[in-house]
Amino acid sequence: MRKAVLPRGWHDPVSDITGCTAFEGKDTFKCPNGETRCKFYSSDRFIDDIVHGVTGSNVGIWMIMPGNAYETSSGGPFFRDINTQAGDQQELYFYMNSGHIRTEPWRLGLMGPYAMSTSTSPPSGNVDTSFFSGLSIQGYVPDNQRGRVSGSATGVSSNFETVLHWYNQQAQYWTKASGGSYTSPLMKPGSYTMKMYKNEFLVAQSSVTVSTGNTVRKDIAATPEPSRTSIFKIGEFDGQPFEFKNGDKILRMHPTDPRMSTWGGTYTVGSSSPRDFPMALGSDAGGTATINFSLSSSQVRQLTLRIGTTLSFQNGRPTVRVNGQWSGADPGAPVLIDSRGLTRGGYRGWGDVYTWNIPASALRTGSNSIVIGAVGSKNLGGWLAGNYIVDAIELYVS
C-alpha cells in the first residue's frame, strides 16, 4: 500500500525501517539515532490480536480476525507474529502459520475466515461470517456443526489472568475465565488436550471431547503449589518476563537498543525490586546477575534454587555460583527452538524450570551471594549466542 497515504503501522514506529540499515539478518534494522526496528516488533498475542491495522490522515485499513479465525493456525493463544512493516511501502499482514519460535507442528486446512476493513477508526472485531456456510467452501464448519466446553476454572489468584486452551492436530481454541468460570468458543467436534494457564504459566492439564450441538461440562483446577518456606522470590512464575529490567521494552526493540537499561546487575533481597534483575541473560552478552541475601544460623541448611525461564536460544540455560565457591551442575541443553526470539521481541517458548539443591556447606550465617549467568552456543556471538529469558527465581528450604 502507498505509505504516503498510510504512514503509520501497528505500534508505530517499531516496524518502520525507513532510512534504517539491516544489522541482524535481513529483518532487524538500526536507525541513524541508534534505535532499532523490526517487523516482529509489531506483533501481539493471538488471544489479544483481534484487530490490527495501518493508518493515515482520517483513514485506516484493518485486518480483522473474528471468531475462530485462528483455529487452523499454530502456536496457541500466546503466539505472536508479524503485523506490519513500512519501508518504501506500507505492509499489512495476518501471519497464520510460520516457523518463528515454533513450538508445535503446522496445521493445514482452511485458514480463517478473516476480513479486511477500511474505516476512519478501528472497527469492532465482531464480524458475521456465517454467510460462508452457503458458499460450499471446503473445510468450513458452520456453527450448527460445532460444540462447546464450559465449567469452572479455579485455583489461580485474581492477580493473574486465567487462560484456557484446547488443541489437537486439526484445531486450536482459547478463552479467558471470568469470576472462576468459562465458556469456550464454538469448536469443531473431536478430542482435545485442555490446558489452563496462570497468565502464561501452565498450572493444569486435562482432556475433553466435544460433540456436535452440545456443551460439555468440564471443571479444571490449578495444581496447588507445594508448601514451601521461601528465603526469597524474585518475580512471579507466570510465564512472562515483564516485571524485570528491560521487560517493559523487549517486545518493541532489540536488546542492544540505546533505550534499554544496562544489562546484568545486582539484586539485594529486602531493598531491590524485580526491575533491578535483568529479564534475559546471555552467554556472550548481557553479563551476569548477582543476588545478595542474608541467612540466619537456622537457615544455613540445604536450600533449593528454582529458576523459571520462558524461552531459550542456541542452547542457552542458567549457570549458578554460590559464594564464589560452589557451582550448580549444568542442567543440560534445553530442547532447541531453531528461531531467533529475544532479538525479535519474542519471549514465549517451552517454559523450562530448573532446580539446584545447594548444600549447607556452601552457605553461611550472614551475607551470601548467588551469581546467575548463562551457558550456550557462542557460534554467532553477542545476543545471538546462547541466551534465555527469565520468568522468576526462588530460593527455598529443601
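Residues numbered from 1 in each chain as written. Predicted model: local features only at pLDDT ≥ 70, side-chain atom pairs only at ≥ 80, totals over all residues. Heavy atoms only, no water.

## Thoughts on unusual backbone geometry
At the junction of Asp12 and Pro13, the peptide bond is cis and its omega measures out at 10° in the coordinates. Within the secondary structure layout, Pro13 lies in the segment before β1 (21–24). For the bond from Gly112 to Pro113, the omega torsion is 5°, close enough to zero to count as cis. With respect to the helices, strands and loops of the structure, Pro113 is situated in the loop between β7 (90–92) and β8 (115–119). You will see that Asn199, though not glycine, has its phi angle at about 55°, which is positive. Unlike most non-glycine residues, Gln314 shows phi in positive territory, near 50°. Mapped onto the fold, Gln314 is located in the loop between β21 (303–313) and β22 (317–322). The exposure class of Gln314 is buried, given its relative accessible area of 15%. (Helix = DSSP H or I, 4+ residues; strand = E, 2+ residues; numbered from the N terminus. Buried < 20%, exposed > 50% of the residue type's maximum accessible area, 1.4 Å probe, protein only.)

## Considerations on the pairing of strand β24 (residues 353–358)
The alternating pattern of β24 places Tyr354, Trp356 and Ile358 on a buried face and Val353, Thr355 and Asn357 on a face that is not buried. Direction of pairing for β21 relative to β24: antiparallel, over a ladder of six bridges. Bridging from a neighbouring strand, Gly308 pairs with Val353 of β24. (Pairing = 2+ DSSP bridges.)

## Some words on the sheet that holds strand β14 (residues 201–210)
Pairing is antiparallel in the open sheet, where four strands are placed in the order β11-β10-β13-β14. With partners counted over all chains shown, the strands left at the sheet margins are β11 (172–176) and β14, one partner each. Along the sheet, successive strands turn relative to each other by an average axial angle of 20°, direction set aside. As judged from the six bridges shared by strand β10 (residues 162–167) and strand β13 (residues 190–198), these two strands associate in the antiparallel manner. Counterpart to Trp166 in the pairing with β13 is Met194. (Axes fitted to C-alpha atoms, helices over the stretch in contact; angles between N-to-C directions.)

## Thoughts on the environment of Ser121
Looking at the element boundaries, Ser121 is found in the loop between β8 and β9 (148–154). Sequence separation of Ser121 and Cys31 is 90 residues, and the distance between their C-alpha atoms is 30 Å.

## Re the side chain of Glu91
By the element assignment, Glu91 lies in strand β7. One polar contact links Glu91 to Tyr93, side chain to side chain, over a distance of 2.5 Å. If sequence neighbours within four positions are ignored, Glu91 has contacts with Met1, Val54, Asn83, Thr84 and Gln85. (Polar contact = N/O pair within 3.5 Å; in protein donor to acceptor, adjacent residues only side chain to side chain. Contact = heavy atoms within 4.5 Å.)

## A short note on the environment of Trp106
Relative to the assigned elements, Trp106 resides in the loop between β7 and β8. Spatially, the C-alpha atom of Trp106 lies 8.3 Å from that of Gly75, the residues being 31 residues apart in sequence. The contact partners of Trp106, leaving out residues within four places of it in the chain, are Ser74, Asn97, Ser98 and Gly99. Within polar-contact distance, the side chain of Trp106 engages the backbone oxygen of Ser98 at 2.9 Å.

## What about the pairing of β14?
Here nine bridges tie β13 to β14, and the two strands are oriented antiparallel to one another. Within β14, the position partnered with Tyr192 by the bridge is Val208. Adjacent in sequence and paired antiparallel, β13 and β14 are bridged by two residues, among which Asn199 carries a positive phi angle near 55°.

## Observations concerning the packing of aromatic side chains
The tally for this structure, following the rule as stated, stands at 19 aromatic pairs. Their ring planes at 90° and their centres at 6.4 Å tell us that Trp10 and Trp62 sit as a pair that is edge-to-face. In this pair, Trp10 sits in the segment before β1 while Trp62 sits in strand β5 (residues 59–64), placing the two residues 52 residues apart along the sequence. A relative accessible area of 21% places Trp10 in the partly exposed class. Residue classification places Trp62 among the buried residues on the basis of a relative accessible area of 4%. The positively charged end of Lys198 is found above the aromatic ring belonging to Phe160, 4.6 Å away from the centroid. Against the face of Phe40 rests Arg344, its NZ or CZ located 4.2 Å from the ring centre. (Phe/Tyr/Trp six-rings, centres within 6.5 Å; stacked < 30°, edge-to-face > 60°. Lys NZ or Arg CZ within 6 Å of the ring centre and 35° of its normal.)

## Side note on the nonpolar core
If you look at the biggest cluster of nonpolar residues, it comprises 44 residues, and the most contacted ones within it are Phe277, Ile370 and Ile393. Within the residue set of this core, elements represented by two or more residues are β17 (230–235), β19 (280–282), β20 (289–295), β21, β22, β24, β25 (366–375) and β26 (387–397). Broken down by element, the residue count for this core peaks at six residues, all from β26. Contact partners of Ile393, with chain neighbours within four places excluded, come to Phe232, Lys233, Ile234, Phe237, Phe244, Phe277, Ile291, Leu305, Arg306, Ile307 and Ile372. Core analysis: the second largest hydrophobic core is formed by 23 residues, Tyr182, Tyr192, Phe201 and Val210 among them. (Core = buried A, V, L, I, M, F, W, Y, C linked by side-chain atoms within 4.5 Å.)

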